[in-house]
Amino acid sequence: MGLMIEEQETHVNFNRNDERAVIYTSDTTMMTKFNKLVELQDTEWKIESVSKLKNGELIGKTYSCPVNFVSFRRKKIEREYSEERKKEIAERLHQK
């Protein structure tokens, strides 16, 4: 049994002069996203450590990436696409 959703968290840490940010997460959704970034070819993402309970259950991972990969948006962007445009985008994605 993993951590309850209310207990899952993500921490991003870096200092002004750091070249790499350190990200700890116990959030399974974030782990999935970060794992995909780590698995990319020529990636600059790394898994630094894995946290497990004594019984071997995974409870968190620590990742790192260049500090300039961390960004903050000023507002939420919502896009509305026509059905035709959605099909075009889907076709383009499937070609890769």
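Scroll up to find the structure this text is about.
Residues numbered from 1 in each chain as written. Predicted model: local features only at pLDDT ≥ 70, side-chain atom pairs only at ≥ 80, totals over all residues. Heavy atoms only, no water.

## Observations regarding the nonpolar core
Generally speaking, nonpolar side chains in soluble globular proteins are found buried as a group.
Reasoning step 1: Within the largest apolar cluster, eight residues are counted, these being Ala21, Ile23, Met31, Phe34, Trp45, Tyr63, Cys65 and Val67.
Reasoning step 2: Secondary structure elements with two or more residues in this core: strand E2 (20-25), helix H1 (28-39) and strand E4 (58-66).
Reasoning step 3: Beyond its immediate chain neighbours, meaning those up to four positions away, Tyr63 contacts Ala21, Val22, Ile23, Thr25, Met31, Phe34, Asn35, Val38, Trp45, Lys46, Ile47 and Glu48. (Core = buried A, V, L, I, M, F, W, Y, C linked by side-chain atoms within 4.5 Å. Buried < 20%, exposed > 50% of the residue type's maximum accessible area, 1.4 Å probe, protein only. Helix = DSSP H or I, 4+ residues; strand = E, 2+ residues; numbered from the N terminus. Contact = heavy atoms within 4.5 Å.)

## Topic: the sheet that holds E4
Reasoning step 1: Spatial ordering of the open sheet is given by E1-E2-E4-E3, a layout of four strands whose pairing is antiparallel. Single-partner strands in this sheet number two, and they are strand E1 (10-13) and strand E3 (46-52). Going across the sheet, the axis of each strand differs from the next one's by a mean of 15°, ignoring polarity.
Reasoning step 2: The strands that H1 touches are E1, E2, E3 and E4; relative to E4, the one it contacts most, it runs at about 45°. (Pairing = 2+ DSSP bridges. Axes fitted to C-alpha atoms, helices over the stretch in contact; angles between N-to-C directions.)

## Re a nonpolar patch on the surface
Reasoning step 1: A contiguous nonpolar patch, built from Ile47, Val50 and Leu58 and spanning about 220 Å² of accessible area, is present on the exposed surface.
Reasoning step 2: Along the chain, Ile47 falls in strand E3.
Reasoning step 3: Classification of Ile47 as partly exposed rests on a relative accessible area of 37%. (Patch = residues over 30% accessible without salt bridge, like charges linked within 9 Å, V, L, I, M, F, W, Y side chains within 5 Å. Areas by Shrake-Rupley, 256 points an atom, 1.4 Å probe, with all protein chains shown as cover. Salt bridge = Lys/Arg side-chain N within 4 Å of Asp/Glu carboxyl O.)

## Describing the pattern of salt bridges
A side chain with one charge can pair with a side chain of the opposite charge if their charged atoms come near.
Reasoning step 1: In this structure the tally under the stated criterion is three salt bridges.
Reasoning step 2: Glu78 is the salt-bridge partner of Lys76, the closest N and O atoms lying 4.0 Å from each other.
Reasoning step 3: Overall, the relative accessible area of 70% leaves Lys76 in the exposed class.
Reasoning step 4: Glu78 sits in the exposed class, given a relative accessible area of 65%.

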